[in-house]
Every structure is written in structure tokens, then in C-alpha cells.
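# Working through the structure, step by step
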Amino acid sequence: MSEVHPEQRITELGLTLPGVVPPVAAYVPAIRTGNYIYTSGQLPMIDGKLPATGKVGAEVTAEEAKELARQCALNALAAVKAELGDLALVRRVVKVVGFVASAPDFTGQPGVINGASELLGEVFGEAGRHARSAVGVAVLPLDAPVEVEILVEVEILVEVG
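The following refers to the structure shown. Every value quoted in this text rests on a predicted model; they were computed, and no experiment measured them. (Residues numbered from 1 in each chain as written. Predicted model: local features only at pLDDT ≥ 70, side-chain atom pairs only at ≥ 80, totals over all residues. Heavy atoms only, no water.)

It is worth spelling out the side chain of S117 at this point. Take S117: it is sitting in helix α3 (residues 109–124). There is a polar contact of 2.8 Å between the side chain of S117 and the side chain of H130. Apart from the residues within four sequence positions on either side, S117 is in contact with H130 and R132. (Helix = DSSP H or I, 4+ residues; strand = E, 2+ residues; numbered from the N terminus. Polar contact = N/O pair within 3.5 Å; in protein donor to acceptor, adjacent residues only side chain to side chain. Contact = heavy atoms within 4.5 Å.)

Okay, structure coming up:
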């Protein structure tokens with residue numbers, strides 16, 4: 001785990017951990033089972049709105065999409081914190097799955113999802129390194145360009161007394 005508290009690192013990066021994005025359908029933002037927290041797919045919502053819509057490689061550039069993937073990861077961390085209470089209890093990021101709404105000839109999905117992966121590395125250091133999938137899809141909810149879900153391993157707190 002990083003020497004610096006993850007939320008302090010977020011602040012040092014010039015970012016703010018947002019509130020949890022409310023679900024747009026019948027699911028919860030995150031769920032804990034044992035010492036793992038799974039997030040639902042997170043869209044790049046900022047203040048309840050998508051900053052961009054459309055396909056990457058058409059209406060949205062790869063660079064813009066990479067920033068949007070970063071926002072998705074930040075939203076996923078907000079969901080983890082809401083479930084866990086403190087991001088310092090994250091032992092490691094285990095897996096990231098990223099979906100990129102792609103124009104037919106766009107093949108840069110891994111570079112787009114690097115936005116999420118790089119943020120997690122900046123926040124958690126070595127504990128932020130993870131397995132990953134980056135998948136191109138025809139369309140995402142609300143015409144979002146990118147969606148990211150994460151799986152984290154967390155400390156198991158043992159109550160004494």
C-alpha cells in the first residue's frame with residue numbers, strides 16, 4: 001500500500017473524490033463480499049452529467065476518452081469508499097474492466113483505459129497495479145464513450161470485544 005493516504009494522493013493530483021454516482025438502472029454502485037469490493041460499471045459522470053457522448057474515434061478523440069476513463073476510475077473509487085469507509089483499507093486493485101464505445105475502425109481501447117489504470121497507480125502506488133481487460137463495444141448506456149468497473153481487495157477488520 002502507498003505510504004501516503006490514497007485520498008491525500010487524490011488531492012495532490014488536483015482531483016476531488018466525487019460523491020457516488022447514483023445508479024441509472026436496477027443495481028447498486030458497489031458490493032462487498034468477504035475482502036473484495038466489486039464496483040458496477042462507472043460512467044464518466046461529473047455533477048450528474050456526461051461531459052461527452054458518442055463513439056471514440058468519431059465524436060470523441062482517444063485523448064478525450066482517456067481523460068473520461070480517468071473520471072470513471074475516480075467515480076469507482078467513490079463507490080469503493082462509500083462501501084468501505086476509508087480508501088486506506090484498500091490492499092490492492094485486483095482487476096479493471098474497461099469498455100470503450102468505439103467507431104468501427106478504432107482499435108486504441110487499451111490506450112483509452114490507461115486513463116483509469118494510470119490514475120489507480122498514482123493513487124495506490126504498487127498496490128494499484130492490476131489485471132485488466134479493455135473492450136471495444138458498439139454503444140454504452142446514455143451514449144457514454146467509456147465505462148470502467150474495478151475489483152479491489154480490502155483489509156478485513158476484526159472487531160475486538
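Having seen the structure, we can now continue with the description.
Here the focus is the nonpolar core. Buried together is how nonpolar side chains tend to be arranged in soluble globular proteins. Formed by 37 residues in total, the largest nonpolar core has its most connected members in V112, V146 and I150. Counting only elements with at least two residues in this core, the list comes to α2 (62–84), β3 (90–101), α3 and β5 (146–154). Among the elements that line this core, the one with the most residues is α2, at eleven residues. Dropping the residues within four chain positions of it, I150 is found in contact with I37, Y38, T39, A76, L77, V80, K95, V96 and L120. Core analysis: the next-biggest nonpolar cluster, separate from the first, contains seven residues, V21, L43, M45 and L50 among them. (Core = buried A, V, L, I, M, F, W, Y, C linked by side-chain atoms within 4.5 Å. Buried < 20%, exposed > 50% of the residue type's maximum accessible area, 1.4 Å probe, protein only.)

Bridge count between β3 and β5: nine bridges; the pairing is antiparallel. Each residue of the ladder has a partner; that of V93, found in β5, is V152. Sheet topology note: the β3/strand β4 (residues 131–137) ladder contains seven bridges and is parallel. Along β4, the bridge assignment pairs K95 with A131. (Pairing = 2+ DSSP bridges.)

Along the chain, L43 turns up in the loop between β2 (36–39) and α2. With 20 residues separating them in the primary sequence, L43 and P23 have C-alpha atoms 10.0 Å apart. With residues near it in sequence (within four places) discarded, L43 still touches L50, C72, N75, P141, L142, A144, V146 and E147.

On to α2, then. Across its 23 residues, α2 extends 33 Å between first and last C-alpha, which sits within 8% of the 33 Å expected from 1.5 Å per residue. G85 sits one or two positions beyond α2 and adopts a positive phi of about 95°. (Expected span 1.5 Å × (residues − 1).)

Turning our eyes to something else, we now look at the pattern of salt bridges. Considering all chains together, one arrives at eight salt bridges under this definition. With its nearest N and O atoms 2.9 Å apart, the salt bridge here joins E7 to K81. With E7 in helix α1 (residues 6–12) and K81 in helix α2, the pair connects residues that are 74 residues apart, well separated along the chain. The salt bridge involving D143 is made with K55; its shortest N-O contact spans 3.6 Å. Taken together, the residues span a long stretch of sequence, with D143 in the loop between β4 and β5 and K55 in the loop between β2 and α2 at a distance of 88 residues. Overlapping salt bridges bring together R91, E153 and E155 as one network. (Salt bridge = Lys/Arg side-chain N within 4 Å of Asp/Glu carboxyl O.)

All right, on to a nonpolar patch on the surface then. Nonpolar side chains collect at one region of the surface, where V24, Y27 and L142 lie side by side and expose about 260 Å² of accessible area between them. Here Y27 lies in the loop between α1 and β1 (30–33). (Patch = residues over 30% accessible without salt bridge, like charges linked within 9 Å, V, L, I, M, F, W, Y side chains within 5 Å. Areas by Shrake-Rupley, 256 points an atom, 1.4 Å probe, with all protein chains shown as cover.)

From the geometry alone we can't say anything about function, so treat these as descriptive.
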